[in-house]
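# Inside the fold
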Amino acid sequence: MPPKKDAKGGGNKKENIEVDEVLQAVVVADSFNHRYRPLTLDKPRCLLPLANIPLIEYTLEFLAASDVDEIYIIVCAHAEQISGYLKDTKWKRMARPRIHIIVAEQLRSLGDALREVDQQHIIKSDFILVNGDVVSNMNLEKALAEHRARKTVDKNAIMTMVLKQASVAHRTRAKGEEALFVLDSKTNECLHFESMEPYPQKNRVNLDVEMVFKKRSEVSIRSDLIDCQIDICALDVLALFTENFDYQDIRKHFVRGVLESDILGQTIYAHIVREEYAARARNTQMYESISKDVLGRFTYPMVPDSNILEDQTYSAIRPHIYKEENVVLSRSVVLEHRVVVGSGTEISGGTTVKDSIIGRNCKIGQNVVIEGSYIWDNVVIGDNVRIKRSIIAHDVVVRAGAEVQKGCILSYGVVIGTSVKLPEFTKLTRSTVEQNSRGADDEDDDSFADDDDDEVEEEDEEGDESKDGKRKATKTGDDDEADGDDEDDDDDADEDAEEKTLNEEKNDLDVVGVDGKGHVFIEVPDEDETEEIDPRNIELGYIGRDYTWEEQEEDDKSGEDSDSEGPGASSEDFDDEVDNRKEQIEEILETSFTDGTSIDDVFTELKTRRLGLNMSFHDLRSVLIPAVLKLAGTSRDGITKTLTRWGELIKRFSQTDVYQTVSGPLDIIRITVDFCVQHEPYRKQFVTILKAYYDLDVVEEDSIVKWHREASATSSGVVAQIVGSATPLIKWLEEAEEDEDDDDDEEEEEEEEE
């Protein structure tokens, strides 16, 4: 007998809800490209450390925060390493989310991975699709709700792509992999997708105008969206991949195929995020960018002192400087800007570490300079070494006096000889020549591993690669021994001698030095990408590679690659100009200015973000005040009108920092003066700004007078001119105060007479 329906016809409604609430996710551990070679010859990308935490940990934390119930991780290469790692982590002990690992050895693309998932019939409803190198602090609850609500209106909706709005120069935009999205302005339905890699330059985009504007009055052509590679998919997505074996890439093949099909009729939508953090470590350029963001706390709460791993003991000793327990630092060591130092590491005197991450158990000598680099575990660095914007993998040794210039990648166990100077973008490895020459890494090699010991033994007997990436000499079995074939024995001896010779030749001594170990990694084009991706676009994704659109246009005109560092190319200039914290606050303000958000809402959002970014009130004011003044423009009316609208927001952040000797109101005036010094058109309007501060009670009279008295005695040059321009205002304030005092005295006298 069926259950009775309730008054609202609920029937077995509760049971259905429980089924629907099981949220599943598919994590594709392989990226199916070679962007991290040679590091991924020996280790899968998802286990590479980012801020001393394996990349996959960020992905799993993100999914757990979104209340995912089941996570299926599909792996191809290095399956044994991934399974072994997860087996020893908290994820295997947790009841929710439940982690399942699917090993599929013959995958060559994301399309193959999704066809494998579909074949196993493990996904029961809409699911989340991500790669194992996604870093995000967003909660997908809103995106999921939009996706589900949309499906009730549009039965053909099969996917929602999560896209992040950001400027063209935003550092979490993967260089060389840009894209353009054409969206319905009202519904965010995706009408067209186009890859917009810099090389070769596209001068036009072909749109089916009839289809795009069908039943639509307005569309948006968006080049300001970053593809986070986070998708919410219906079951139909898996079915379409199974039915179309030419679908390999999720965007270039699947999304374009669906949008351009006259038969399928399915629709794809976008969910655009502005405040949350979401990025994918697609290449080493993105690895560098996301690392900076983690240290800058843009990924909060996934920051070092949250101690995501169970054995971590990080604490923030200063803003953006993090250190674990059992770290030995000499008193003259300088840790500057954004730095992480892992447990067991020792750093000797005179060494400077800036914008860098140091792993565990590293030994760093005297007078070393490490800038913008990522030093993994168990690295030994000798005295007087210079390392700039490079990745130094586990167990590397850099001997005294060596210099590692920007863009270098030193893979596991490489040794750089004494006083050797490595050229920019050098990649070194100790993997075998055969492995190197065929260009295979974690996304496309034959060193697969699973739980079948017999298969592993069989591979070893056939001479496949061992787990440490070294080729084993082929061994003959007992039957061969019994045959006593001397000729075969001689052949084996020759092969052994040849193998020994190859091993001895692997050290490029002219590069690593006579006391070094390792050889130059030779880039081999990816067979799967040769026809689709210009190699120049791949090079743009290298760590240390600086590039601007202006340079790209020049390259396109000349037909030549540009490796020079023109104006605006250096990372130091970029970091000084566009500090990541500043950019986040500016994005909030820009959105608020455009949307007309209320002061209360903006204040709440900025207050929360300030805490998450570990910013002082001074730091926040240093971004807020210039943003408001730029919005106002240089006219008197514009300044008065804008400050009348937004001056209250500045006032609410006039608190004095605990460590600051200058009061908040005085700091507001000083920041305004600095802004006027840097922006000459505003100098003539400084008094207008200061008067508006006074009229709107942003700054009290006493603070203005005190500032003028102190600044008049100490300032010079342009600052003195600006201070001098305020003298009439100061006199007016003082006279007004005297008149007010006289009025008060007269009132008191009248009261006494009465």
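Residues numbered from 1 in each chain as written. Predicted model: local features only at pLDDT ≥ 70, side-chain atom pairs only at ≥ 80, totals over all residues. Heavy atoms only, no water.

## So, the sheet that holds strand 13 (residues 267–273)
Operational definition: Each pair of strands is called paired provided DSSP finds at least two bridges between the two strands. Think of it this way: any DSSP run of H or I at least four residues long counts as a helix, any run of E at least two long counts as a strand, and we number them from the N terminus. Structural elements are reduced to axes, namely lines fitted to C-alpha atoms, with helices fitted over the stretch in contact, and the angle between N-to-C directions of any two is expressed from 0 to 180 degrees.
Taken in spatial order, the seven strands make up an open sheet running 5-4-1-6-12-8-13, and their pairing is mixed. Of all the strands in the sheet, just strand 5 (98–103) and strand 13 have a single pairing partner and so form its edges. Each adjacent strand pair in this sheet contributes to an overall mean axis angle of 25 degrees, direction not counted. The sheet contact formed by strand 8 (residues 157–165) and strand 13 spans seven bridges and is parallel. Across the sheet, Val-162 pairs through a bridge with His-271, a residue of strand 13.

## Let's talk about the nonpolar core
In a soluble, globular protein the nonpolar side chains are often hidden away together inside. The following threshold applies: Definition used in this section: a nonpolar core is a set of buried Ala, Val, Leu, Ile, Met, Phe, Trp, Tyr and Cys residues joined via side-chain atoms within 4.5 Å. The buried label applies to any residue whose accessible area, calculated with a 1.4 Å probe on protein chains only, is under 20% of its type's maximum; exposed applies above 50%, and partly exposed to all values in between. In this description, contact between two residues means that some pair of their heavy atoms is separated by no more than 4.5 Å.
If you look at the biggest cluster of nonpolar residues, it comprises 48 residues, and the most contacted ones within it are Leu-649, Tyr-693 and Trp-707. It is helix 21 (residues 617–632) that provides the largest number of residues to this core, a total of nine residues. Residues in contact with Tyr-693, not counting those within four places in the same chain, are Ile-625, Leu-643, Ile-650, Ile-668, Thr-672, Val-698 and Val-699.

## Some words on the packing of helix 23 (residues 664–678) against helix 25 (residues 701–714)
Note the cut-off: For classification purposes, an angle smaller than 35 degrees is called roughly parallel, one larger than 145 roughly antiparallel, one from 65 to 115 roughly perpendicular, and anything else oblique. Rotating anticlockwise by less than a right angle from the far helix to the near helix defines a left-handed crossing, while the corresponding clockwise rotation defines a right-handed one. Nonpolar residues are Ala, Val, Leu, Ile, Met, Phe, Trp, Tyr, Cys and Pro. Charged residues are Asp, Glu, Lys and Arg, and all others, Gly as well, are polar.
Interhelical geometry of helix 23 versus helix 25 gives an angle of 55 degrees and a closest axis separation of 9 Å. Our classification of the angle between helix 23 and helix 25 gives oblique. Between helix 23 and helix 25 lies a crossing whose hand is right-handed. Across the interface between the two elements, Pro-665, Leu-666, Ile-669, Arg-670 and Val-673 of helix 23 pack against Ser-703, Ile-704, Lys-706, Trp-707 and Glu-710 of helix 25. Tallied by class, the residues present in the contact of helix 23 with helix 25 amount to six nonpolar, one polar and three charged.

## Side note on the pairing of strand 13
Each regular strand carries side chains that alternate between the two faces of the sheet. Counting buried residues in strand 13 gives seven out of seven residues, a clear majority hidden from the surface. Across the two faces of strand 13 the burial is the same, with Thr-267, Tyr-269, His-271 and Val-273 and Ile-268, Ala-270 and Ile-272 all buried.

## Focus: unusual backbone geometry
Here Arg-37 and Pro-38 are connected by a cis peptide whose omega angle stands at 5 degrees. Looking at the element boundaries, Pro-38 is found in the loop between strand 1 (24–28) and strand 2 (49–50). At Ala-51, a residue that is not glycine, the phi angle is positive and equals roughly 55 degrees. Assignment of secondary structure puts Ala-51 in the loop between strand 2 and strand 3 (53–54). What makes Ala-51 buried here is its relative accessible area of 4%. Of note in this structure, Asn-378 is not a glycine but carries a positive phi near 60 degrees. Within the fold, Asn-378 resides in the loop between strand 23 (374–375) and strand 24 (380–381). For Asn-378, a relative accessible area of 34% gives the class partly exposed.

## With respect to the packing of helix 23 against helix 24 (residues 686–695)
Relative orientation and spacing of two packed helices are given, respectively, by the angle between their axes and the distance between those axes. Here helix 23 crosses helix 24 at 160 degrees, and the two axes come no closer than 11 Å. Accordingly, the angle class assigned to the pair helix 23 and helix 24 is roughly antiparallel. The two elements helix 23 and helix 24 meet at a crossing, and its hand is right-handed. Between helix 23, through Ile-668, Ile-669, Thr-672, Val-673 and Cys-676, and helix 24, the contact on the second element is made entirely by Phe-686, Ile-689, Leu-690 and Tyr-693. By residue class, the composition of the contact of helix 23 with helix 24 is eight nonpolar, one polar and no charged.

## Things to note about the confidence of the model for the protein chain
Detailed reading of the predicted coordinates is not advisable wherever pLDDT falls low. Cut-off, in case you're wondering: The pLDDT score gives, residue by residue, the confidence of the prediction method on a 0 to 100 scale.
Across the protein chain, the average pLDDT comes to 79, with 78% of residues at or above 70. In this model residues 1–19 is a low-confidence stretch, pLDDT under 50, and it forms five contacts with partners more than four residues away in sequence or in other chains. Predicted confidence for residues 433–485 stays below pLDDT 50, and this span has 84 contacts to residues more than four positions away or in other chains.

## Observations concerning the side chain of Asp-227
Put simply, the rule reads: Here a polar contact is recorded for every N or O atom pair within 3.5 Å, except that within protein the pair must consist of a potential hydrogen donor and a potential acceptor, and residues adjacent in sequence are included only if both atoms are side-chain atoms.
Following the sequence through the fold, Asp-227 ends up in strand 12 (residues 225–233). At 3.0 Å, the side chain of Asp-227 and the side chain of Gln-229 are in polar contact. Apart from the residues lying within four places of it in its own chain, the contact partners of Asp-227 are Val-162, Leu-163, Phe-181, Arg-251 and Arg-282.

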